[in-house]
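Residues per chain, in single letters:
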Amino acid sequence: MTHGEEPLRFEVLGLLRVVRAGHEVDLGAAKQRAVLAVLLLSRNTPVSRGQIIEAVWGDNVPSSAVNLVQTYVAGLRRALEPARARRAPAELLTSVGDGYLLRVESGALDLDVFERQVLLANRMRAAGDLAGAAVELDDALALFRAEPLGGVSGLFFDVERGRLVERRLAVLEERAELGLAIGQGPELVSQLGSMVAEHPLRERGHGLLMRALVQAGRQGEALAAYREARHVLIEELGVEPGPELRRVHQAVLAGDSPEPERAPVRVPQQAAAPEPAPVTVPAQLPRAPVALVGRDAELARMDAVLRDHDGPVLLVTGPAGVGKTALALHWAQRVREEFPDGQLYVDVHGYDPNREPLEIGEVLNRFLRALGVPAGDTPLSVDERSALLRTLLADRRMLVMLDNVRSSADLLPLLPGAPSCVVVTSRRRLVGLVAQVEAKLIELDMLDPDAAVDVLGRIAGRPDIEADALRRLAELCDGLPLALRIAAARLAVSPRLRVAELVEELQDEHGRLSALGLEDGEGTVRAALDASRRALPPVPSRLLAIIGLHPGPDLSAHVVAAMGEVPLQEAQRALDALTAANLLTVSEPGRHVAHDMVRVYTKTLAGELSEPQRRTATGRMLDYYLHCADLADGLLPINRSSVLVTPEHRPADVPALTGAADAMAWFDTERANLIAATELASGSGWHVHAWQLPYTLSRYLWLRTERETSLRITEAALQAAIALNDDDARFVMQFNLGVALLQLERHEEALHAQRGALEVARRKGDVHQQARVLTTVAGTLMDLGRTAEAEAHYREAMEISRIAGSKWAEANAHHHLGLLYLTTQRFADAMPWLRVALRMYHEVDEQCGEASCHVDISTALLETGDTEGALSSARTALAVACDAVSPYHQALAHDRLAAVFDRLGAAGAAAHWQRALALFTELGAPEADRIRARLARARAVTVG
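Residues numbered from 1 in each chain as written. Predicted model: local features only at pLDDT ≥ 70, side-chain atom pairs only at ≥ 80, totals over all residues. Heavy atoms only, no water.

### A closer look at the sheet that holds strand β7 (residues 313-317)
Read across the open sheet, the 5 strands follow the order β8-β9-β10-β7-β11; overall the sheet is parallel. Only two strands of the sheet have a single neighbouring strand rather than two, namely β8 (343-347) and β11 (440-443). With direction set aside, neighbouring strand axes in the sheet form an average angle of 15 degrees. Summarising the sheet, strand β9 (residues 399-403) and strand β10 (residues 421-426) pair through 4 bridges and their orientation is parallel. Paired with L402 across the bridge in β10 is V424. (Pairing = 2+ DSSP bridges. Helix = DSSP H or I, 4+ residues; strand = E, 2+ residues; numbered from the N terminus. Axes fitted to C-alpha atoms, helices over the stretch in contact; angles between N-to-C directions.)

In structure tokens, the structure reads:
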């Protein structure tokens, strides 16, 4: 839960609700509520997208189901954690593999409270406190407010609703059984009569009603109840009453009590009894770490699971070296007194590179010997050994720890029933164990910075080390406990080794893994990660090395499919396997990331590939990003030149992009990867990608006003074009360099770059390119105050555009000539040029130019006194900019609307300037300062 938020209470035993601080949380649309219901019914357990889709839609699955699930999950995250920052990771509803996991605290779900109270009642009943047990069951049943899962429809929920109703009826019957045992029969007649009327086919209910009637002295009615029950069973099911109901009937006929014989409460015998055979009490837990740092939350969760469940199975999972065994042993030693019948421990060696994992039969042999079974009495088959183990552990309260388990397939024969507790550690999320025995997941991540520094300080034991140096060392160890302990051990055994020297050694990524090793070659970070990789299937194992070539911060299944030359579904399964093995994590739906130490490991593996393998995978990665960026760029609402992008390996699978909004969203998601791929291409001799990737990014970066980034990658792209000796590439990048410099108001440099582009276009004899660059040169001359030169260039650009048939360039020249007249306050002269430009922009579907032109027309109309026309044009500009999904042009339109309202003295100017300021600020655009000043002036006038 986000820090500072009130705890949530979830309710499924009635209308589906979530309550915070007494107020109901808005859960959104019906399908979004259904997604929450699925996650609540599998709380604290991963649920795949496929399971959610099947539960919510059944046989009527829409084609957009995956996207809808992602949308509903995002909506639930906003509802459940409203205080969470936009890009901060979710804490309650997290992504796990190809699905999601909803974390529900102990006692936060009414169903869990119900089951806990039923469990407590069973324990009280076994201890002889029948009245207390009855009270607990009354409290549990009171949690059912109405029909379970109210407000959620569908076959899946009907089945789950039926299961919960059946569970309530079973507990109602148990409560009636307790009531009869303590003589409450007369009080139960009415309730049992209603239950029988509502559920006439439940034989047990009829029997309970008959017994209650007898306790009330109404034997005749009890016999009538039997006749009615028999009639219903024969009519509806075609069967006679069962033996229990017949027994009650015979007892009533004979005038005997129909109450069953109950075992008396056991009282210790006073007489001397023979000495019992000695019982072996194993105590096999290894020594736990001296101190466990930074795991208080996980220990508290394990304590809560033990408190709330009878005989739980806890699954401690996390990456290699994260401290799973240390946590499990620390906790086991801490609670060992609660298991007086002993503790069993075995290291299954699921990830040991030097030996095969223990077979299930061998583990059973070890446990049976520990429990005192002679070797000669051990059964031959695994099934018989498993049955004997369960027999020996029945009614004994023991703690069983299974360490370093690779697969859940062989675990079931090792699991005792309640009241024993089982702790399993594994690098994998053993979904089978969770599904089959409802194992409770305890997930470990890297230590936070303070805990990591604490570990280093404790083990190094050197007071001469400064806290800042330890913190930098902790960062380089990525908070991984194994890496921290190795680094600290090196400091402890080498008093002359300075922290700065070790930090410098670890800063070299190529040598970091070898630096985090011990003298015997065992227990190293590399060895731990290698063991995790060996446990993977072949495809994920191969792809783990290939993704080390990926330069960006996160991965999608699409780029992995392209790099590994595998189908998309196989790439997704591989990513899920790597995530399940805790080698990757899911940052948000469909996005996978590696912790720093694993990232270094994947780069090391990539370096071990052959040169052809590395070049092929890198080329396919660059081709994927280039192809997709070109597709997205083509959907943006802004004109682009006709550069032919033809990657050598066109990816087989690409994201579905259907419009400008999809394109912008894809660019936003992949931005960091695209920049990283661009820089990799530039620095590695991939010259075509080094200029074409910046080309496909240029319009997106312009719309997002990322000016410094645009300039940096464009300068590198121009060098790649020069290296290729490609005039087409050189013109595009020379032109884009001028645009980038102009955005930063470096006018003289921009003019030099633009004239270089014009020179290339004239040398090629390309009139389209000449027209395009002449308009840009004219705009820069205008910015420099050289109005006459600018006007001449605009007119030349118009003439060449008309000859070339370049409608966009002609529109642009008309637009900017109109702007020139606006700037020189020749408003009437500006209007014809602007209106022609507007018509041409519309004809070529240039929405951004159209929006900008409406803004300028509004300016001209306002200055000539046509306020109504100015307001209309500004509103049209905003509508077009919204259609174009261009925040920059939306901000321009809001600014213009504010100016019109301000001139009219009408309300609304400040609101539009505030919106413009928010948009420009979010974009990091320098126009924000100008808007801030206008807003301040408007407020000052209002106050005055």
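### Structural notes on the pattern of salt bridges
Counted under the stated rule, the structure contains 54 salt bridges. Measuring nitrogen to oxygen at the nearest pair gives 2.9 Å for the salt bridge that ties E221 to R218. The partly exposed category is assigned to R218, whose relative accessible area is 32%. In this structure, K764 and D728 form a salt bridge, with 2.3 Å as the shortest nitrogen-oxygen distance. One end of the pair, K764, is in helix α31 (residues 747-764); the other, D728, is in helix α30 (residues 727-743), and 36 residues separate them in sequence. Since its relative accessible area comes to 28%, K764 is described here as partly exposed. The class of D728 is partly exposed, set by a relative accessible area of 45%. Taken together, the salt bridges that share partners define one network made up of E166, E173, E174, E177, R202, R204, R211 and E259. (Salt bridge = Lys/Arg side-chain N within 4 Å of Asp/Glu carboxyl O. Buried < 20%, exposed > 50% of the residue type's maximum accessible area, 1.4 Å probe, protein only.)

### Here's the deal with the side chain of R704
Take R704: it is sitting in the loop between α28 (687-703) and α29 (707-724). Polar contacts involving the side chain of R704 include one to the side chain of D668, which spans 2.8 Å. Filtering out sequence-adjacent residues up to four positions away, R704 remains in contact with M664, D668, P887 and L923. (Polar contact = N/O pair within 3.5 Å; in protein donor to acceptor, adjacent residues only side chain to side chain. Contact = heavy atoms within 4.5 Å.)

### Re the state of the cysteines
Applying the stated criterion across every chain, the model contains 0 disulfides. A disulfide-free cysteine, C853 has its sulfur positioned 13 Å from the sulfur of C848, the nearest such atom. C853 sits in the buried class, given a relative accessible area of 0%. (Disulfide = S-S within 2.5 Å.)

### Description of the nonpolar core
Core analysis: the largest hydrophobic core is formed by 195 residues, its most contacted members being W331, V423, L473, F667 and W691. Considering every element that reaches this core, the biggest residue donor is helix α26 (residues 611-635), with 9 residues. Counting residues in each nonpolar core, the second largest holds 77 residues, with V25, L76, A176 and Y226 among its members. (Core = buried A, V, L, I, M, F, W, Y, C linked by side-chain atoms within 4.5 Å.)

### Structural notes on helix α27 (residues 660-683)
Of all the bends in α27, the largest measures some 65 degrees and sits at E670. The first or second residue beyond α27 is G685, which carries a positive phi of 85 degrees. (Bend = angle between axes of the 7 residues up to and from the residue.)

### Points about the sheet that holds strand β1 (residues 8-11)
If you walk across this open sheet you meet the 3 strands as β1-β2-β3, and the pairing is antiparallel. Two strands in the sheet have a free side with no partner beyond their single neighbour: β1 and β3 (23-24). Where strand β2 (residues 17-20) and β3 come together, 2 bridges link them in antiparallel fashion. Looking at the pairing, R20 lines up with H23 of β3.

### Quick word on the packing of helix α18 (residues 481-493) against helix α19 (residues 499-507)
One way to put it is that α18 packs onto α19 with a least axis distance of 11 Å and a crossing angle of 140 degrees. Between α18 and α19 lies a crossing whose hand is right-handed. Facing α18, whose interface residues are A487, R490 and L491, α19 presents V499, L502 and E505. For the contact of α18 with α19, the residue count by class is 4 nonpolar, no polar and 2 charged. (Left-handed = near helix turned anticlockwise from the far one by under 90°. Nonpolar A, V, L, I, M, F, W, Y, C, P; charged D, E, K, R; others polar.)

### Details of the packing of aromatic side chains
For the structure on display, the rule yields 9 aromatic pairs. For the pair W57 and Y72, a centre-to-centre distance of 6.4 Å together with 25 degrees between the ring planes defines the contact as stacked. Highlighted residues: W57 in helix α2 (residues 49-57) and Y72 in helix α3 (residues 65-80), separated in sequence by 15 residues. As far as burial versus exposure is concerned, W57 and Y72 are alike and both buried. Taking the centre distance of 5.1 Å and the plane angle of 85 degrees together, the rings of F114 and F144 count as edge-to-face. Taken together, the positions of F114 in helix α4 (residues 110-126) and F144 in the loop between α5 (130-141) and α6 (155-181) put the pair 30 residues apart, joining distant regions of the chain. Here F114 and F144 have matching classes, each one buried. These aromatic residues form a ring-pair network of at least three members: W666, F667 and Y700. Lying over the aromatic face of W686, R615 brings its terminal NZ or CZ to 4.0 Å of the ring centre. (Phe/Tyr/Trp six-rings, centres within 6.5 Å; stacked < 30°, edge-to-face > 60°. Lys NZ or Arg CZ within 6 Å of the ring centre and 35° of its normal.)

### Here's the deal with α19
Residue pairs three or four apart in sequence face the same way in an α-helix, which turns once every 3.6 residues. Along α19, the residues that are buried comprise V499, L502, V503 and L506. In a view along the axis of α19, the buried residues occupy a sector of 100 degrees, so they form one face of it. (Arc of directions from axis to C-beta.)

### Considering a nonpolar patch on the surface
Together, L201, L237 and V239 line one region of the surface with nonpolar side chains, adding up to about 240 Å² of accessible area. Tracing the backbone through its elements, the reader meets L201 in the loop between α7 (185-198) and α8 (203-215). (Patch = residues over 30% accessible without salt bridge, like charges linked within 9 Å, V, L, I, M, F, W, Y side chains within 5 Å. Areas by Shrake-Rupley, 256 points an atom, 1.4 Å probe, with all protein chains shown as cover.)

### Topic: the packing of α7 against α8
Between α7 and α8, whose axes approach to 8 Å, the crossing angle comes to 150 degrees. As summarised for this structure, α7 and α8 are arranged roughly antiparallel, according to the angle between their axes. The two elements α7 and α8 cross, and the hand of that crossing is left-handed. Packed against α7, whose contacting residues are G185, P186, L188, V189, L192, G193, M195 and V196, the element α8 presents G205, H206, L208, L209, A212, L213 and Q215 at the interface. (Parallel < 35°, antiparallel > 145°, perpendicular 65-115°, else oblique.)

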